[in-house]
Amino acid sequence: MGHRLPRLNRRSFLFGALANARLFAQGAPKLPTFADVAAQAGVRFVNRASHTSQKYLPESMVGGVAMLDYNKDGRLDLFFVNGAALADPMTASQRPDKSDSGFWNRLYRNNGDGTFTDVTEAAGLRGHSYGMGVAVGDYDNDGWPDLYVTNVGRNILYHNNGDGTFTDVTEKAGVAGGGWSAGAAFVDYDRDGRVDLIVTRYVEWDFSTNIWCGEHRPGYRAYCHPDQFKPITHLVYHNNGDGTFTDVSKKCGLGSAPGKGLGIAINDFDRDGWPDILIANDSFPQQLFRNNHDGTFTEIALTAGLAYDDDGKTFAGMGIDFADYDNDGWPDVFVNALANQRYALFRNEKGHSFDYVTGPSGLARITMLHSGWGARFIDYDNDGFKDLFVGQGHVMDNVELTQPSVKYREPLLLMRNQGGQFDNVSAQSGAPFQQPLSARGAAFGDLNNDGSIDIAINCNDGPALVLLNQGGNGNHWLLVNTVGSASNRDGVGACLRLVSESGSEQYGYVSTAGSYLSASDKRVHFGLGRDRIVRLLEITWPSGTVQRLEKISADQVLTVQEPKAARLDGRPQD
């Protein structure tokens, strides 16, 4: 798990030379900034964690956020997950109470004019239980995105009725789960044309087993470290195609590998055509589940070099992403951590193993004293290289009493990718990056379809942020909206390869998963720099079909329908 610096330096030199050559040709880049437009846009969501003197662990963890086009009007809407009222203390018979409207989950419809409307009640999405995260996927292939909300307790599957309302179909579908669920992802892991559901769970915990952690003096009681609790198995639900799911957690192999799971992401790390599962674990070895092509998985993080940092230590994995930051066609891994641990960046070595490159990439220097949650590789300046955003804040609200150099609330972090080296450009990225926050979930997508990636952030016990990317640097872009026919309707699991007119190559993967307990726009975004034409867009669909489109004009949302063909497994289309 060493750095292998000579190889890294050669690759970084070539990658950096390409980046610098492009910058020289383009002149000094104008970097975009972000503005928080939540208030003026009418997004008045406030996360209510219901902090108590008991320091119940879920209080520090909520919650996720999603970007989805729930009404299919071409504009991304916003869904926020909320906590619930907790008694102080909770008795054995009490449950978190979500009846007060201040604790409801919230859906905001994008009006297309820069404003949003709260449609939670009309949509039927107020929720129940103490909320954690959210996943988005079209589980019944009807073209309307459905929602799965994770909770401490019973989870909720909402079917999108296509008329602006949702129906709780959890019992019929058989996906209520149990325990402390955290992240979730829709993915067609067996490539049968229907997305399945994978749910991470955090630890074996409930209100009755809460213990005292920290010093026994006023103000010093602390949220317990996850080492105080046992790991728990993740859940896998196979889609039966009739509106129901079967729990195959043990059968598929994930049930034999318990963890302390939070964020979840999917990609095809070895490019064998089958989606693999990556799970961020908190103070427990990270997990990579390799798809065996037969409905089962093998956990290989240790042998792949992903389980630990370069000192052989576990770290507090919370937010996660699984994408190709160096444009070599092999998806890399980012997992953030708590202060004094460094955020982890693992470079994919052609599907054989991963190198821990936190130090050489510049992340160690930038992130040593920070604590991260929602995160994603995004090309925020559309220059063709994926940058890295992290929402930050320590888990301990009184951490400054015992660690004065560490802050509970922290500014957002934006790191610009310059040829595999990351520079901290937060100070240049607008007023929201100067504001101390307790950020948790973050979702990413283009809210106004202008080609620049925007960000929605759910902050623990505070108001949400909606960061609108101001763009303005003249770089070009392409958004690709995949529509499956033989494959699942959203094309989740499709691999995209783009070659621009200058010859630069980029790679993308269709998924809403990643970040921290959140779901992002399924459309794949490419920044093109000064290129106005895409020479080639190659899509490898989950069905096995390979589709090629040529001479595509930049600066558009391109919807691509999968050619109608038999599935790879020979089964007829639904």
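Please read these numbers as outputs of a predicted model, since none were measured by experiment.

Moving on: the nonpolar core. Within soluble globular proteins, side chains that are nonpolar tend to cluster in buried spots. Ranked by internal contacts, the top residues of the largest apolar core, which has 50 residues, are Y148, L157, L197, I277, L496 and L537. Composition of this core by domain shows at least three residues from each of domain 1 (34-475) and domain 2 (478-561). Beyond its immediate stretch of four places on either side in the chain, L197 contacts Y148, V175, A184, A185, F186, L235, V236, Y237 and F245.

Before going further, it helps to examine the sheet that holds strand 26 (residues 439-445). The four strands lie next to each other as 1-28-27-26, forming an open sheet whose pairing is antiparallel. Each of the sheet's edge strands pairs with one partner strand only, and the pair in question is strand 1 (34-36) and strand 26. Strand-to-strand twist in this sheet, taken as the mean axis angle between neighbours without regard to direction, amounts to 25°.

Here we have four strands laid out as an open sheet, ordered 22-23-24-25, and antiparallel in their pairing. With partners counted over all chains shown, the strands left at the sheet margins are strand 22 (372-378) and strand 25 (421-424), one partner each. This sheet shows a mean twist of 25° between the axes of neighbouring strands, independent of strand direction.

As assigned here, the chain comprises domain 1 (34-475) and domain 2 (478-561). Inter-centroid distance (C-alpha atoms) of domain 1 to domain 2 is 23 Å. Facing 64 residues of domain 1, the contacting portion of domain 2 comprises 32 residues. When domain 1 packs against domain 2, the two sides together hide about 3400 Å² of surface, and 50% of this comes from carbon and sulfur. In terms of surface lost to domain 2, no three residues of domain 1 exceed I266, R376 and N475, which account for 12% of the buried area on that side.

Another aspect to go through is the pairing of strand 32 (residues 524-529). Of all six residues in strand 32, six are buried; the element is thus mostly enclosed. Burial of the side chains of strand 32 extends over both faces: V524, F526 and L528 are buried on one face and H525, G527 and G529 on the other. In terms of strand pairing, strand 29 (residues 476-483) meets strand 32 through five bridges, oriented antiparallel. Pairing of L479 across the sheet is with H525, part of strand 32.

The rules behind these values
- Residues numbered from 1 in each chain as written.
- Predicted model: local features only at pLDDT ≥ 70, side-chain atom pairs only at ≥ 80, totals over all residues.
- Heavy atoms only, no water.
- Core = buried A, V, L, I, M, F, W, Y, C linked by side-chain atoms within 4.5 Å.
- Buried < 20%, exposed > 50% of the residue type's maximum accessible area, 1.4 Å probe, protein only.
- Domains from an automatic or database assignment.
- Contact = heavy atoms within 4.5 Å.
- Pairing = 2+ DSSP bridges.
- Helix = DSSP H or I, 4+ residues; strand = E, 2+ residues; numbered from the N terminus.
- Axes fitted to C-alpha atoms, helices over the stretch in contact; angles between N-to-C directions.
- Buried area = accessible area lost by both parts, 1.4 Å probe.

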